[in-house]
Amino acid sequence: MASSTGGVLSPLLLQLPLLLLFLLLPSTLEVSLGGNPLYNQDDKILILNTTNFQPNICSSSKAWVVEFYSSWCGHCIHFAPTFKEFAADVFAWREVISVAAIDCAMEENMPTCREYEVMGYPSLKFFTPNTPTGDMGIERQSREKTVPAIKKDMIEFITDLQIKKSEKAGRNWPSLVPASVSGLEILHIWDQNPTLAVLLIEEANSTTGSEVILDLSSTVTKLKVPLVMAKIEINAESDQLLQKLTVPKKPSLVAISRDFSTLEVFPSTAATRAGWTGAIKDFIWRKSSELSLNNQMLADLSQKKPEDSLNVQPLNSKAQKTATRKELINRRYKVFTSDLEKAVIYSISHEVAQHSSISGHTLQTLLQYVTVLEKFFPARIEMSVFLRDLHSWVNMHQDTIRGEDLSSWMESYQGRHGIRASKDWVGCRGSEDQFGGYPCGLWSVWHALTINQANLAEGDPKEVMNAMKSFIQEFFGCRDCARHFDQAIEGGKAFDEIENYNDAVLLLWKTHNKANFRLAGDISEDPVFPKLVFPSKEFCSGCYGALTGTNLWDEFDRIKVVEFLKNLYSKEKLSSQGLTSDTTADGHALAVAPLAQIDGNFEHLDVSNFKKKENSTSFVFFNGADISICFLLWFVSALLLLLIYLKFIAGKKFSNSHFFSNLKRKTSMNPLLGKV
């Protein structure tokens, strides 16, 4: 029996440490790189996601304007306060058209953003009432991102539906189409038998009348006020009517009855949205008896509603944190392998895969991108194999790649080989989630590619920059960023100056400095890590020459700059901090380099990262965390073995001892046993 028990327990005991180790290892890693959402429910914006998008937008009785944005996108961050102000400004119009937003940087929202063919951020799309599933909406084409410009486009969207008499136009919408005038007759204005009419007389290109009508339409409808509001354009057709109303040919507000017996002009009222809205409310109050309004209706009309005032949160005025020297070094003067890998994986699995279909020039751009990654990315073995397999997979598709297929391949590959993005940024970590992140990581990737190509001295010196230009144009989500980059490189003409590998390194460095200079002080700038000329004199005094200037070129000793950049971005200089030990699906543990030693009391630059010609850091298979886990497993296993020994082996010996044998014998001789 003892041998049988031992035979059964031996395999279990041998497998116990492995079982415990498996349970202690993390099962998944987050790969979404989005920051905190830019909006919340207090912003009078409906927050959409993959689950609630179609239930709210499709088959809705009202129209929608939806912003597709990415929480890491600098221009989205810059646009957010404007969009909040816009949403609050038109909140009273919500029975006609409402405002919503969806964060495409969130991994769970990616299928929706792909389905609606969102190729850049921020994108505004208008959706009609009763939008069928699969309708892509109407994308706003204007690049002007101001509240008046967006309101104008929104009003034009509604008006166009009404002009075309589209069945998608809401039946109960107030008419924003200027009334047709024939002599003294205003056509169709009395069709609903109102008691009075208010005419909003304005120039053809004005939206003030439409805004006032939308502001008051919900209240007038709910209170059932027998009043109609109509726009009258100042033109040849309305000239006779304006003479009858004794109104000059300028924006004016006039109230009339069907037979013109009631006529009231508001000469002192400013022709503004607020002025006309207030005047119409006062007119309704004064004419309450004719309009059959009771006291409760008048109270409701006079009550100031939450939507009448803007609800835009002021900028955070609390004292901003100042970065320590150690934090500044990590943010600006160290490059982390984990950040580079995280940016590459996100660029493929999200930026590229978000395209519903990749073909033609876009497919060539993708092939160009994965080619330079395979050739010049400073990869570890595992990442190198991934880039090789990715290049082979892309190269297999000669005509078209579906974004959905690329996502499936990435998920399958990551599941089989354990290639996953690290959970957190290290060097590119901003003071808040919306700062730093993916844009910072992608800049670092391109710098690392140009440096690694220069070190290898292989291929066309323009190869990396050409790949970068095409990738930014085709795949980078922040479209304003892409336009600015194209302007900075003069549409690619700047590449004519590249004659050798160092020229490519310097051109990218100069372009990046120009971007930092342009964005300095912008709302998208991280206040803790402001955008400054790189490198600063503090960290590379030798990079500066005798000349001074601000053209980001003549003031530098460019030979020293190249040396500095190579000491920062070369493969052997990259920091392994942030890389975590993991086990791939094939069971191979990833070796982890020791973490950088940082003295918490004395902050200093990692001199070895800039001065040593070779990186003396060697790979080890165990760090402090690994040893702690091993010790814990050893202790737990020893304790379990001791308990099993006491239960099955020592217990048997005790029961066979002389003491227990005599005790059993005395018990068996008891004549009363069994007779009780």
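Provided above is the structure to which this section pertains.
Before going into details, it helps to say that this report is about the structure given with it. The numbers attached to residues start from 1 for each chain and follow its sequence in the written order. For this predicted model, a pLDDT threshold of at least 70 governs which residues receive local features, and a threshold of 80 or more governs which side-chain atom pairs are given and counted, while totals over whole chains, interfaces and linings are taken from all residues. Neither water nor hydrogens contribute to the side-chain values; these are computed over all heavy atoms in the structure.

1. A look at the pairing of strand 8 (residues 196-202)
Line of reasoning, step 1. For strand 8, the tally of buried residues reaches seven of seven residues, placing the bulk of the element in the interior.
Line of reasoning, step 2. Between buried and exposed lies partly exposed: a residue is buried under 20% and exposed over 50% of the maximum accessible area for its type, with that area taken using a 1.4 Å probe on protein chains only. Counting from the N terminus, the helices are DSSP H or I runs at least four residues long and the strands are E runs at least two residues long. Residues Leu196, Val198, Leu200 and Glu202 line one face of strand 8 and the alternating positions Ala197, Leu199 and Ile201 line the opposite face, and both faces are buried.
Line of reasoning, step 3. Examined bridge by bridge, strand 8 and strand 9 (residues 227-233) share seven bridges and lie parallel to one another. Considered in strand 9, the bridge of Ile201 is made with Ile232.
Line of reasoning, step 4. Handedness of a crossover: with both strands directed away from the viewer, a clockwise path from the first strand across the helix to the second marks it as right-handed. Handedness of the β-α-β unit built from strand 8, helix 6 (residues 208-223) and strand 9 comes out right-handed.
Line of reasoning, step 5. Sheet topology places strand 8 next to strand 10 (residues 252-256); five bridges connect them, and they run antiparallel. The residue of strand 10 that forms the bridge with Ala197 is Ile256. The criterion for strand pairing is that DSSP finds at least two bridges linking the strands in question.

2. Here's the deal with the pairing of strand 3 (residues 97-103)
Line of reasoning, step 1. The element strand 3 is largely enclosed, with a buried count of seven among its seven residues.
Line of reasoning, step 2. Taking every second residue as pointing to the same face, both faces of strand 3 are buried, with Ile97, Val99, Ala101 and Asp103 on one and Ser98, Ala100 and Ile102 on the other.
Line of reasoning, step 3. Two strands pair when backbone bridges link them, and strand 1 (residues 46-48) and strand 3 are joined in this way by three bridges, in the parallel orientation. Note on strand 3: the bridge partner recorded for Ile47 is Ala101.
Line of reasoning, step 4. Pairing of strand 2 (residues 63-69) with strand 3 involves seven bridges; the strand directions are parallel. Following the sheet pairing, Tyr69 is matched in strand 3 by Asp103.

3. Considering the sheet that holds strand 1
Line of reasoning, step 1. Here five strands make up an open sheet; going across it, the order is 1-3-2-4-5 and the pairing mixed. The open sheet has two edge strands with one neighbour each: strand 1 and strand 5 (138-139).
Line of reasoning, step 2. In what follows, residue pairs with any heavy atoms lying within 4.5 Å of each other are defined as contacts. Only C-alpha atoms enter the line fits that serve as axes; for helices the fit covers just the stretch in contact. Angles between N-to-C directions range over 0 to 180 degrees. Sheet strands in contact with helix 5 (residues 147-163) are strand 2, strand 3, strand 4 (123-127) and strand 5, and its direction is about 25 degrees off that of strand 4.

4. Description of empty space enclosed by the protein
Line of reasoning, step 1. Cavities and pockets were defined on a 1 Å grid built from protein atoms only: a cavity is a group of points that admits a 1.4 Å probe but offers it no way out, a pocket is an open group of points flanked by protein on both sides within 12 Å along at least five of seven lines, and a lining residue is one with an atom within 4 Å of any such point. Grid points are joined across faces, edges and corners, and a volume is the space filled by probe spheres set on the points. Using the criterion set out here, one finds three cavities of 30 Å³ or more in the structure.
Line of reasoning, step 2. If you add up the space inside the second largest cavity, you get close to 40 Å³.
Line of reasoning, step 3. Forming the boundary of the second largest cavity are Val118, Met119, Tyr121, Glu351, Gln354, His355, Phe475 and Gly477.
Line of reasoning, step 4. Looking at the lining of the second largest cavity residue by residue, the classes come out as four nonpolar, three polar and one charged. Basically, the charged four are Asp, Glu, Lys and Arg, the nonpolar ten are Ala, Val, Leu, Ile, Met, Phe, Trp, Tyr, Cys and Pro, and anything else, Gly included, counts as polar.

5. A closer look at the pattern of salt bridges
Line of reasoning, step 1. What makes a salt bridge here is a side-chain nitrogen of Lys or Arg within 4 Å of a carboxyl oxygen of Asp or Glu, nothing more. On inspection of all chains with the given rule, the structure shows 18 salt bridges.
Line of reasoning, step 2. We note a salt bridge from Asp89 to Lys151, for which the minimum N-O separation is 2.7 Å. Remark: Lys151 occurs in helix 5 and Asp89 occurs in helix 3 (residues 74-89); sequence separation between them is 62 residues. Per residue, the accessibility class of Asp89 equals that of Lys151, and both read buried.
Line of reasoning, step 3. Between Arg388 and Asp389 there is a salt bridge whose closest N-O contact spans 3.2 Å.
Line of reasoning, step 4. Taken together, the shared-partner salt bridges in this structure form one network comprising Asp89, Lys151, Glu211, Asp215 and Arg273.

6. What about the state of the cysteines?
Line of reasoning, step 1. Note on terminology: disulfide denotes any pair of cysteine sulfur atoms within 2.5 Å. Applying the stated criterion across every chain yields a total of four disulfides.
Line of reasoning, step 2. Each sulfur in the disulfide pair Cys428 and Cys440 lies 2.1 Å from the other. Measuring handedness by torsion sign, the sulfur bridge of Cys428 and Cys440 sits at about -70 degrees and is left-handed. Highlighted residues: Cys428 in the loop between helix 14 (403-417) and helix 15 (438-456) and Cys440 in helix 15, separated in sequence by twelve residues. Residue Cys428 shares its accessibility class with Cys440, and that shared class is buried.
Line of reasoning, step 3. One disulfide in the model links Cys540 with Cys543; its S-S distance is 1.9 Å.

7. Some remarks on the layout of surface pockets
Line of reasoning, step 1. There is about 1,600 Å³ of room inside the largest pocket.
Line of reasoning, step 2. Lining the largest pocket are 40 residues; nearest its centre among them are Arg171, Asn172, Trp173, Pro174 and Ser175.
Line of reasoning, step 3. Secondary structure elements with two or more residues in the lining of the largest pocket: helix 5, helix 6 and strand 9.
Line of reasoning, step 4. Looking at the lining of the largest pocket element by element, the count peaks at six residues for helix 6.
Line of reasoning, step 5. For the lining of the largest pocket, a count of residues per class yields 20 nonpolar, 13 polar and seven charged.

8. What about the packing of aromatic side chains?
Line of reasoning, step 1. Between the rings of Phe, Tyr and Trp (Trp by its six-membered ring), a pair exists once the centres lie within 6.5 Å; its type follows the angle of the planes, with under 30 degrees stacked, over 60 edge-to-face, and the other angles tilted. Following the criterion strictly, the structure yields 32 aromatic pairs and no others.
Line of reasoning, step 2. Relative to Phe157, the ring of Phe126 has its centre 4.9 Å away and its plane inclined at 15 degrees; by these criteria the two rings are stacked. Placement of the pair is Phe126 in strand 4 and Phe157 in helix 5, with a sequence separation of 31 residues.
Line of reasoning, step 3. Take Phe157: its relative accessible area is 8%, and that puts it in the buried class.
Line of reasoning, step 4. Taking 6.5 Å as the distance between ring centres and 70 degrees as the angle between the ring planes, the aromatic pair formed by Trp443 and Phe485 counts as edge-to-face. Of this pair, Trp443 sits in helix 15 while Phe485 sits in helix 17 (residues 479-488), and the two are 42 residues apart along the sequence.
Line of reasoning, step 5. Taken together, the ring pairs connect Tyr39, Tyr69, Phe79, Phe83 and Phe86 into an aromatic cluster.
Line of reasoning, step 6. Any Lys NZ or Arg CZ found within 6 Å of a ring centre and within 35 degrees of that ring's normal is scored as a charge over the ring. The aromatic ring of Phe529 is capped on one face by Arg331, whose charged end is 5.5 Å from the ring centroid.
Line of reasoning, step 7. In this arrangement the basic side chain of Lys537 is found over the ring face of Tyr544, its NZ or CZ atom lying 5.3 Å from the centre.

9. Thoughts on helix 5
Line of reasoning, step 1. Its 17 residues place the ends of helix 5 24 Å apart at the C-alpha level, agreeing with the 24 Å of an ideal helix rising 1.5 Å per residue.
Line of reasoning, step 2. In terms of burial, helix 5 is largely enclosed, as twelve of its 17 residues are buried.
Line of reasoning, step 3. Turning to helix 5, its buried residues are Val147, Ala149, Ile150, Lys151, Asp153, Met154, Ile155, Phe157, Ile158, Thr159, Leu161 and Gln162.
Line of reasoning, step 4. Where helix 5 ends, the next residue or the one after it, Lys165, has phi of about 50 degrees, a positive value. Here the expected length of a helix is defined as 1.5 Å per residue gap, with one fewer gap than residues.

10. Comments concerning the sheet that holds strand 11 (residues 263-265)
Line of reasoning, step 1. Strands sit in the order 9-8-10-11 across an open sheet of four strands; the sheet is mixed. At either end of the open sheet lies a strand with only one pairing partner, and these are strand 9 and strand 11. For this sheet, the mean inter-axis angle between neighbouring strands, taken without regard to orientation, is 20 degrees.
Line of reasoning, step 2. Across the sheet, helix 6 is in contact with strand 8 and strand 9; its angle to strand 9 comes to roughly 170 degrees.
Line of reasoning, step 3. Here helix 8 (residues 273-286) sits on the sheet and contacts strand 8, strand 9, strand 10 and strand 11; the angle it forms with strand 8, its principal contact strand, is near 160 degrees.

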